[in-house]
Amino acid sequence: MSLIPVTIITGFLGAGKTTLLNRILRDKQHKQRIAVIENEFGEENIDSNILVQDDAEQIVEMSNGCICCTIRSDLVTALTRLANKRKSGEISFDRVVIETTGLADPGPVAQTFFLEDAVAEDFMIDGIITLMDAVFAMRQLDEYEQARQQVGYADRLLISKTDLVSAEDVELLINRLRRINPHASIHTVDFGRIPVAEVLDLRGFNLSSKLDVDADGHDHHHDHDHPHDHACSLDCGCSRHLDDIGSFVFHSKKPFDPDKLNDFFDRMITLFGPQMLRYKGVLYMKGADRKVVFQGVQQLMGTDVVEKWDENHPPESKLVFIGKNLPRTIFMEGLHDSLAD
């Protein structure tokens, strides 16, 4: 039996998470039965009338206000119970959607799917969706670390309430989000109205999916063989909004030495693991004719060997790091020193 995909919806207070969730639940075109793990933290609950139409037992409401950090065991219990009921035939669902509180750091939620064997046996993260309120996002990013973390972990960023601000303000926000997280695609939404295909089946944590992402969030190919850093190409007000969460990219057409690279990652995870929010890439390894893909959340990393390099995709390593106050120079120099002689 294949793993059950899980979508995590996060975003700061008032960004529209519940509106989006109701949109997903109302949409019948995707023909997927969805189990919801919801929290209550001063926000409007999802529409119980919608849920009752299907099966109320598919909904696990967390009354303790949060499903992350120190109470992660509650999430494990909820997921395990859902999986067991599904196996026994008591309930039927195709995927799970987790809505976090507006004040939540999604990192511990994501780590649950790496750390807990009981969860990893049945579930895998499909993607992390982060909603941003165009009216208040800049201020929230300035004032709250949680807001910056939510952007850093995202596979897809959805901006709501763009009709209430100027096009220039939207562009400034988009540029700032791209600087923080080049890995995530960015879309604007109106009252949660967005094709469900843009929210589900993102394959954001699928190691076999395409990982050819560059520093501006788009696919590119670069004919250079050196570390690459990214800075905003447009006037996004970066000097006025100094974020502690940012990103950088390393490219090289030279192969990595496996032993050197393993030692490097061991050191970096030991020293900076909690600051490494998301990192992923494609590795060209010495003596290997196949791509090695990897993806990590903080101290936890997974790798897989996939298809062979070919003439349309010549060997090249490309690594993206998103983190909090990561020492870019140390990472860049360490990766360069891990290349084969």
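Higher on the page you've got the structure.
These numbers were taken from a predicted model, which means no experiment stands behind them.

(A) Representation of the overall build of the protein within the structure. Scanning the protein from terminus to terminus reveals ten helices and 13 strands. Partitioning the contacts of the protein with sequence separation of at least 6, the portion at a separation of at least 24 is 77%. Counting only carbon and sulfur atoms, one obtains 48% of the accessible surface of the protein, whose full area is about 15,300 Å².

(B) Examining the pairing of strand β7 (residues 185-188) more closely. Alignment of strand β6 (residues 156-160) against β7, held across four bridges, turns out to be parallel. Looking at the pairing, R156 lines up with S185 of β7. Since β6 and β7 lie parallel, the crossover through helix α8 (residues 167-180) that links them has a hand, and here it is right-handed.

(C) Structural detail: the packing of aromatic side chains. Taken as a whole and assessed by the stated rule, the structure comprises 13 aromatic pairs. With 6.4 Å between their ring centres and 45 degrees between their planes, Y279 and F294 make a pair best called tilted. Of the two residues, Y279 is situated in strand β10 (residues 276-283) and F294 in strand β11 (residues 290-297); the sequence distance between them amounts to 15 residues. Per residue, the accessibility class of Y279 equals that of F294, and both read buried. Grouping aromatic residues by their ring pairs yields a cluster made of F248, F264, F265, F272, Y279, F294, F321 and F331.

(D) Structural view of the pattern of salt bridges. Under the counting rule described, the total for this entry stands at twelve salt bridges. A salt bridge links D155 to R278; its shortest N-O distance comes to 2.9 Å. With a gap of 123 residues between them, D155 in the loop between α7 (145-153) and β6 and R278 in strand β10 connect regions that are remote in the sequence. In this structure, a network of salt bridges that share partners links the residues R95, D126 and D201.

(E) Representation of the environment of S185 in the model. Among the structural elements, S185 can be located in strand β7. Separated by 30 residues in the primary sequence, S185 and D155 have C-alpha atoms spaced 6.8 Å apart. Contacts of S185, omitting those with residues within four sequence positions, involve D155, R156 and L157.

(F) Structural context of helix α1 (residues 17-26). Counting buried positions along α1 gives seven out of ten residues, so the element sits mostly inside the fold. Those residues of α1 that fall on the buried side of the exposure criterion are K17, T18, L20, L21, N22, I24 and L25.

(G) A look at the nonpolar core. Counting 48 residues, the largest nonpolar core has V96, F113 and F123 as its most contacted members. Apart from the residues lying within four places of it in its own chain, the contact partners of V96 are I4, P5, V6, T7, A35, I37, L79, L82 and F123. Core analysis: the second largest hydrophobic core is formed by 22 residues, F265, M285, L326 and L335 among them.

(H) Quick peek at the pairing of β10. β10 sits mainly inside the fold: eight of its eight residues count as buried. Here β10 pairs with strand β13 (residues 317-324) via six bridges, running antiparallel. Bridge pairing in β13 places R278 opposite I322. In the sheet, β10 pairs with β11 via five bridges, with the strands oriented antiparallel. Paired with K280 across the two strands is Q295, which belongs to β11. Linkage of β10 to β11, two consecutive antiparallel strands, is achieved through a turn of six residues, within which G287 is found at a positive phi near 80 degrees.

(I) Quick peek at α8. With 14 residues, α8 should cover 20 Å at 1.5 Å per step; its first-to-last C-alpha distance of 20 Å lies within 8% of that length. Taken together, the buried positions of α8 are occupied by V170, L172, L173, I174, N175, R176, L177, R179 and I180.

(J) Structural context of the environment of A288. Among the structural elements, A288 can be located in the loop between β10 and β11. Judged by relative accessible area, A288 falls into the partly exposed class, the value being 31%.

(K) Main features of unusual backbone geometry. One non-glycine residue with positive phi stands out, namely D201, at about 60 degrees. With a phi close to 50 degrees, N325 is a non-glycine residue in the positive phi region. Here N325 lies in the loop between β13 and α10 (328-337).

(L) A look at the packing of helix α9 (residues 258-272) against α10. Contact pair α9 / α10: the axes reach a minimum separation of 9 Å and the direction vectors enclose 160 degrees. Between α9 and α10, the interaxial angle falls into the category roughly antiparallel. Regarding α9 and α10, the two cross each other, and that crossing is right-handed. Together, K260, L261, F264, M268 and F272 of α9 and I330, F331, G334, L335 and D337 of α10 make up the contact between the two elements. Within the contact of α9 with α10, the residues separate by chemical class into seven nonpolar, one polar and two charged.

Rules used throughout
- Residue positions are given per chain, counted from 1 along the sequence in the order it is written.
- Local features are withheld for residues below a pLDDT of 70 in this predicted model, meaning they are given only at 70 or higher, and side-chain atom pairs are given and counted only at 80 or more; totals for whole chains, interfaces and linings count all residues.
- Hydrogens are left out, water is left out, and the side-chain values use all remaining heavy atoms of the structure.
- What counts as a helix is a DSSP run of H or I of at least four residues, what counts as a strand is a run of E of at least two, and both are numbered from the N terminus.
- Should any heavy atoms of two residues lie within 4.5 Å, those residues are considered in contact.
- Per-residue and other accessible areas follow the Shrake-Rupley method at a 1.4 Å probe size, with only the shown protein chains counted as cover for residues.
- Any two strands with at least two DSSP-identified bridges between them are counted as paired.
- By convention, a crossover is right-handed whenever its connection, traced from the first strand over the helix to the second and viewed with the strands pointing away, goes clockwise.
- Note on aromatic contacts: the rings of Phe and Tyr and the six-membered ring of Trp form a pair at centre separations within 6.5 Å, being stacked when their planes are under 30 degrees apart, edge-to-face when over 60 apart, and tilted otherwise.
- Residue burial is assigned from relative accessible area. The probe radius is 1.4 Å, only protein chains are included, and a residue is buried under 20% of its type maximum, exposed over 50%, and partly exposed in between.
- By definition, a salt bridge exists where a carboxyl oxygen of Asp or Glu is found within 4 Å of a side-chain nitrogen of Lys or Arg.
- Put simply, buried Ala, Val, Leu, Ile, Met, Phe, Trp, Tyr and Cys residues joined by side-chain atoms within 4.5 Å make one nonpolar core.
- For a helix, the expected span equals 1.5 Å multiplied by the residue count minus one.
- Note on geometry: axes are lines fitted to C-alpha atoms, helical ones only across the stretch in contact, with angles between N-to-C directions running from 0 to 180 degrees.
- Our angle categories are set so that under 35 degrees counts as roughly parallel, over 145 as roughly antiparallel, 65 to 115 as roughly perpendicular, and the remainder as oblique.
- The sense of a crossing depends on the near helix, which, turned anticlockwise from the far helix by less than a right angle, makes the crossing left-handed and, turned clockwise, makes it right-handed.
- Only Asp, Glu, Lys and Arg are considered charged in this grouping, and only Ala, Val, Leu, Ile, Met, Phe, Trp, Tyr, Cys and Pro are considered nonpolar; every other residue, Gly among them, is considered polar.

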